[in-house]
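Architecture at a glance
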Amino acid sequence: MKLAYISACVALLMVATVMAEETPQPLFDFTKADAAKDWQTVNDGVMGGVSEGNFKITDTKTMEFFGTLSLKNNGGFASVRTKAKKLGLEKGDTLVAKLKGDGREYHMNLSVPTFQIAYNYRAVFQTKKDEWIEVKLPLDKFEATSFGQVVKNAGQVKPTSVNGLGFMLSDKKAGPFKLEIESIKVERAGTPK
């Protein structure tokens, strides 16, 4: 009787563990009162441009990244990104963002500590105008970049070194933009896609 009970408990625990691993894990939660404190904007003003990019946490507990992209003064980018903090990513992870855009092409950027200026890893995704979509970006699809240019032979991003995440618009199209993000999660390698 005791052996059967122990076996049943072990089986139940194994099922619960497998189910927990299959659930995508949230990376950022916009429902918390202080959700905005982990984020900041960085726009082309750092190099003389005049693009305006801002963000806010909405009443519906999403993050809205919005503004106006300008190509004046050699500008052309606006971004919102987290302040530096380890994300706990692992090899084989896929980042999953539920978002609604304006039909423009955006980048998800991953920051890594480095001595090189403006060095990060990026993956491109296309939005659908005014439509909620789920974007899945495997870590091995991110490319190393510096000042918007691909860095050849940089190798893949080392997941454990990633200490920030962000969204950037740099599609060379001047005008207003808006990207609303409901959630950012991570799927582990064993999670069904």
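Right, let's walk through the structure included here. If you're wondering where the values come from, they're calculated on a predicted model, not measured in any experiment.

**Here's the deal with the pairing of strand 8 (residues 119-126)**
- Burial analysis of strand 8 places six of its eight residues in the buried class, which makes it a mostly covered element.
- Across seven bridges, the pairing between strand 7 (residues 105-111) and strand 8 is antiparallel. Residue pairing across strands places Tyr 106 opposite Phe 125, the latter belonging to strand 8.
- With four bridges joining them, strand 8 and strand 10 (residues 143-146) adopt antiparallel strand pairing.

**Structural notes on the nonpolar core**
- Leu 95, Leu 165 and Phe 167 are the most contacted members of the largest nonpolar core, which has 38 residues in total.
- When residues of this core are assigned to their parent elements, the largest contribution, five residues, is made by strand 13 (residues 175-187).
- Setting aside anything within four residues of it in sequence, one finds Leu 95 in contact with Leu 27, Leu 89, Met 108, Leu 110, Val 135, Lys 136, Leu 137, Leu 139, Phe 142, Leu 165, Lys 185 and Val 186.

**Brief notes about unusual backbone geometry**
- Unusually for a residue other than glycine, Lys 61 sits at a positive phi of about 65°.
- Tracing the chain through its elements places Lys 61 in the loop between strand 3 (52-57) and strand 4 (63-69).
- The exposure class of Lys 61 is partly exposed, given its relative accessible area of 38%.
- Of note, the phi angle at Asn 74 is positive, near 60°, even though the residue is not glycine.
- As for its position among the elements, Asn 74 is in the loop between strand 4 and strand 5 (78-82).

**So, the sheet that holds strand 12 (residues 164-169)**
- The seven strands are arranged 2-5-12-7-8-10-11 in an open sheet whose pairing can be described as antiparallel. A strand with exactly one partner marks an edge of an open sheet, and here the two such strands are strand 2 (39-43) and strand 11 (149-150).
- The pairing of strand 10 with strand 11 spans two bridges and is antiparallel. Across the sheet, Thr 145 pairs through a bridge with Val 150, a residue of strand 11.

**A closer look at the pattern of salt bridges**
- All chains considered together, the criterion is met by eight salt bridges.
- Linking Asp 171 and Arg 104 is a salt bridge whose minimum nitrogen-to-oxygen distance equals 2.8 Å. With Asp 171 in the loop between strand 12 and strand 13 and Arg 104 in the loop between strand 6 (94-100) and strand 7, the pair connects residues that are 67 residues apart, well separated along the chain.
- Given the relative accessible area of 16%, Asp 171 is considered buried.
- You can call Arg 104 buried: its relative accessible area is 11%.
- The network of salt bridges with common partners includes Glu 90, Asp 93 and Arg 188.

About the cut-offs
Residues numbered from 1 in each chain as written. Predicted model: local features only at pLDDT ≥ 70, side-chain atom pairs only at ≥ 80, totals over all residues. Heavy atoms only, no water. Buried < 20%, exposed > 50% of the residue type's maximum accessible area, 1.4 Å probe, protein only. Helix = DSSP H or I, 4+ residues; strand = E, 2+ residues; numbered from the N terminus. Pairing = 2+ DSSP bridges. Core = buried A, V, L, I, M, F, W, Y, C linked by side-chain atoms within 4.5 Å. Contact = heavy atoms within 4.5 Å. Salt bridge = Lys/Arg side-chain N within 4 Å of Asp/Glu carboxyl O.

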